[in-house]
Amino acid sequence: MSKHDDSITELFDKNGNLIGALLTAELWAEIKPMLADRLPKEEPEEKPEPIADWEMLKDFWDFPYPVDTDVKCDECGSQTEDWQKDEPRKFKLRTANLGGLVSFRCCNCKSRISKRHFKDEITSETTPFIENKDLNKEARY
Ligand SMILES: [Zn+2]
């Protein structure tokens, strides 16, 4: 038998129609990058924390109290004095804006914690994570 490339095996149905092909893992690894646009997207990376927004909020801090770094999840009781210092992190920053709204995701139960800064008080609100039943949508976050 002549040595032919056996890294591709064509598949036929019972009528002899070509229905597809099998590739060896080696060949697939070689070809895969060329097809990146057509392949299902890899698991999306968790969005990076908007640390720059947080830094900006701190820079423009005009509330009559110091910057607060404590976060508490009312759902599972997880809490921290300084969310940036935990290792591993208990809370991930989700949003921060100059209006004083800072929100986090609890790494333990995925609840969303929204802290609002007002002139005379800080409020914290925990919204439990609800699994999105619609499987067509990104259900994780
Ligand atoms: Zn929690």
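Residues numbered from 1 in each chain as written. Predicted model: local features only at pLDDT ≥ 70, side-chain atom pairs only at ≥ 80, totals over all residues. Heavy atoms only, no water.

1. Section: the coordination of the zinc ion
Here comes step 1: Distances from the zinc ion to its protein donors, C73 (SG), C76 (SG), C106 (SG) and C109 (SG), fall within 2.3 Å.
Here comes step 2: Coordination geometry of the zinc ion: the 4 donor atoms subtend angles of 102 to 116 degrees at the metal centre, consistent with an arrangement described as tetrahedral.
Here comes step 3: Sequence spacing among the residues donating to the zinc ion works out to C-x2-C-x29-C-x2-C. (Donors = N, O, S within 2.8 Å, 3.2 Å for Na, K, Ca; no water. Tetrahedral: all angles 85-135°; square planar, octahedral: opposite > 155°, others 65-115°.)

2. Let's talk about the pairing of strand β7 (residues 112–117)
Here comes step 1: As defined by bridge partners, strand β6 (residues 101–106) adjoins β7 across 5 bridges and the pair is classed as antiparallel. Each bridged residue has a counterpart across the sheet, and for S103 the counterpart in β7 is S114.
Here comes step 2: Where β6 hands over to β7, the hairpin turn is made up of 5 residues, of which K110 adopts a positive phi near 70 degrees.
Here comes step 3: Sheet topology note: the β7/strand β8 (residues 122–127) ladder contains 6 bridges and is antiparallel. What sits directly across from R112, in β8, is T127.
Here comes step 4: Linking β7 back to β8 in an antiparallel pair, the connection comprises 4 residues. (Pairing = 2+ DSSP bridges. Helix = DSSP H or I, 4+ residues; strand = E, 2+ residues; numbered from the N terminus.)

3. Topic: the packing of aromatic side chains
Here comes step 1: Within this structure, the stated rule accounts for 5 aromatic pairs.
Here comes step 2: Here the aromatic rings of F63 and Y65 are separated by 5.7 Å at their centres, their planes lie at 10 degrees, and the arrangement is stacked. Note on accessibility: F63 and Y65 belong to one class, buried.
Here comes step 3: Within the aromatic cluster, the residues linked to one another by ring pairs are W54, W83 and F104. (Phe/Tyr/Trp six-rings, centres within 6.5 Å; stacked < 30°, edge-to-face > 60°. Buried < 20%, exposed > 50% of the residue type's maximum accessible area, 1.4 Å probe, protein only.)

Read these as geometric descriptors, not functional statements.
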